Amino acid sequence: MTKVVIANSVGIDSRGKYIIHSPSRWSVGVEDEMDWFTYYPWELAYLSSLLKRKTDAEVKFIDGCLKKLNLEHYLQSIIKEKPQWLVMEPSSRTIRDDFALALRVKEELGTRIVLAGQHATAFPEELLHQGADYICIGEYELTVVDLIKGLPSDQIPGLYPNGRRPLLDVNQLPYPEDDDVSRLDYAIPGEPNCDYVEIQAYASRGCPMSCTFCVARNIYYGHPRWRGRRVEDVVAEIKYLKQKYPRMEGVFFDEEEHNANKGFIMELTRAISKEGLDNLRYNAMCGYWTLDREMLQAMADAGYYKIRVGIETASEVVASAIKKPIDLRRVYTSLSLAKEVGLKTYGTFIIGAPMSTRGEDMKTIGLIKRLVRDGLLDGLQVSITTPQPGTPFYYWAEERGFLLKQNWSRFDGGANAVVSYPDYPKEEIEEVFNLASEVRDHMILVRKMREEGMGRLFKSARARYGGWTALRKAVRRMGRELDYRRRLHRENKR
Ligand code: SF4
């Protein structure tokens, strides 16, 4: 019987960084194990379920990120399975280690290497030339199924060099992999910014927007189309998960735009309440532009406790360049309404995007300060806008000579700028990013100290991470706060 191994990225890279792999967004590496968490690798997980149901192959799903495996340990785990096929989904951030691993498996066993996802879609020829056997472009699950079934390769849409496959029907998908790995193991309390033990699930795919930096929209789907699942199926999945994992406290809907369609959210929230699942806590990736009082109230009534929205920038120049219009009045209204109905709010922001300058990014830092100060944001994330290969942002930067030639592992929005603009060089982008991160930490800390006090803050961190990690986090946090205050002091003296 044909044996297929589906493998998530290497968990610890050759520089010793812990990989937080999110290939349809941005993968990052973190220095310190206490900052580690992991996303459920949902597309590989759907692929695994599909292969188990639609082919005769013996399928094994292995997650090097979840197990925190370095290349050598990961290699042993895969070789033990003796696969004829190995499927991986590397991002540019992880391609070096992931591809090295795949080639070692091929060298040892003669395994056929199938690469899918962001980096493979951007550089199919190069990877085939370097030893990959097949490249699946865009949304790849059904392409891999056809390949393993043995269909002639020139008749498989989505298999390079054939063109893209039409987007799949999300209602034809089984539940994603939950046997070889447990979905509960990804529900790490406190991460990724979850307040409860939340299983990651997906009620929809896609987004009606067309941001130039977006990997999911541009590379995976190639289309601004939003696809909602049947509400009864989403609710049945939540029930199944709760029955299987009584410890589960909630669901994190980690899709592109959970609320792109108001009718869908109204129907879903009604169904959640009707089925008695409103005693669970829900947290969802949303767009702020469709949020209104009725929708937010329905979400709060159904057990939602947090919404996460991509605000990105306060600069109209940047917003226009990234093709994500900014409407600050709408941001304020949506977040105010969310707070009025009792929801927590989390925002994401970017620094160093196309057409940004220090001045434009300082507007974004100003917005962050105002939103936190006014009690409209409970948490936030700041990233350096990374031109992931395959996105319009990447080609825009490349054509203008703004892209720095460096190794792929630096395509990590958590640490490095890989573009340098004539009026806003790399070093300055990184400096402004560090400032934005310090401002974020300071503002959130001040607010939490005011609302909860040091004692309660530490107690809840201890419950979430354990005593030793909570203590280390607290010491580091205080160090950062001192750095921020020293910086302010220096600037005030100037
Ligand atoms: S709004 Fe978010 S998901 Fe939609 S295209 Fe923009 S970045 Fe992608």
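Anything mentioned here points back to the structure above.
Since the structure is predicted, the reported quantities are computational estimates derived from the model, not experimental observations.

Trainee: Got a minute to help me understand a nonpolar patch on the surface in this structure?
Mentor: The grouping of M449, M454 and M478 at the surface amounts to a nonpolar patch, some 250 Å² of accessible area in total. By the secondary structure assignment, M449 is in helix α15 (residues 426–465).

Trainee: Quick question: what am I supposed to make of the site of the ligand here?
Mentor: As a matter of local geometry, the ligand sits amid C207, M209, C211, F213, C214, R217, E256, E257, W289 and K324. Here the residues of the shell around the ligand sort into 6 nonpolar, no polar and 4 charged.

Trainee: Explanation requested: the sheet that holds strand β8 (residues 198–201) in the structure shown.
Mentor: Across a sheet, paired strands are connected by hydrogen bonds in the backbone, their directions being either parallel or antiparallel. The 6 strands lie next to each other as β8-β11-β12-β13-β14-β15, forming an open sheet whose pairing is parallel. At either end of the open sheet lies a strand with only one pairing partner, and these are β8 and β15 (379–384). Here the strands of the sheet are splayed against their neighbours by 15 degrees on average, with no regard to which way each runs. Where strand β13 (residues 304–312) and strand β14 (residues 344–351) come together, 6 bridges link them in parallel fashion. Note that in β14 the partner of R308 across the bridge is Y346. The strands touched by α15 within the sheet are β14 and β15, with β15 carrying the most contacts at an inclination of about 175 degrees.

Trainee: Please explain the side chain of R205 as it appears in this structure.
Mentor: Examined against the element boundaries, R205 turns out to sit in strand β9 (residues 204–205). Since its relative accessible area comes to 3%, R205 is described here as buried. A polar contact is formed between the side chain of R205 and the side chain of E139, at a distance of 2.8 Å. In terms of polar contacts, R205 uses its side chain to reach the side chain of E141, at 2.5 Å.

Quick notes on the rules
- Residues numbered from 1 in each chain as written.
- Predicted model: local features only at pLDDT ≥ 70, side-chain atom pairs only at ≥ 80, totals over all residues.
- Heavy atoms only, no water.
- Patch = residues over 30% accessible without salt bridge, like charges linked within 9 Å, V, L, I, M, F, W, Y side chains within 5 Å.
- Areas by Shrake-Rupley, 256 points an atom, 1.4 Å probe, with all protein chains shown as cover.
- Salt bridge = Lys/Arg side-chain N within 4 Å of Asp/Glu carboxyl O.
- Helix = DSSP H or I, 4+ residues; strand = E, 2+ residues; numbered from the N terminus.
- Near = heavy atom within 4 Å.
- Nonpolar A, V, L, I, M, F, W, Y, C, P; charged D, E, K, R; others polar.
- Pairing = 2+ DSSP bridges.
- Axes fitted to C-alpha atoms, helices over the stretch in contact; angles between N-to-C directions.
- Contact = heavy atoms within 4.5 Å.
- Buried < 20%, exposed > 50% of the residue type's maximum accessible area, 1.4 Å probe, protein only.
- Polar contact = N/O pair within 3.5 Å; in protein donor to acceptor, adjacent residues only side chain to side chain.

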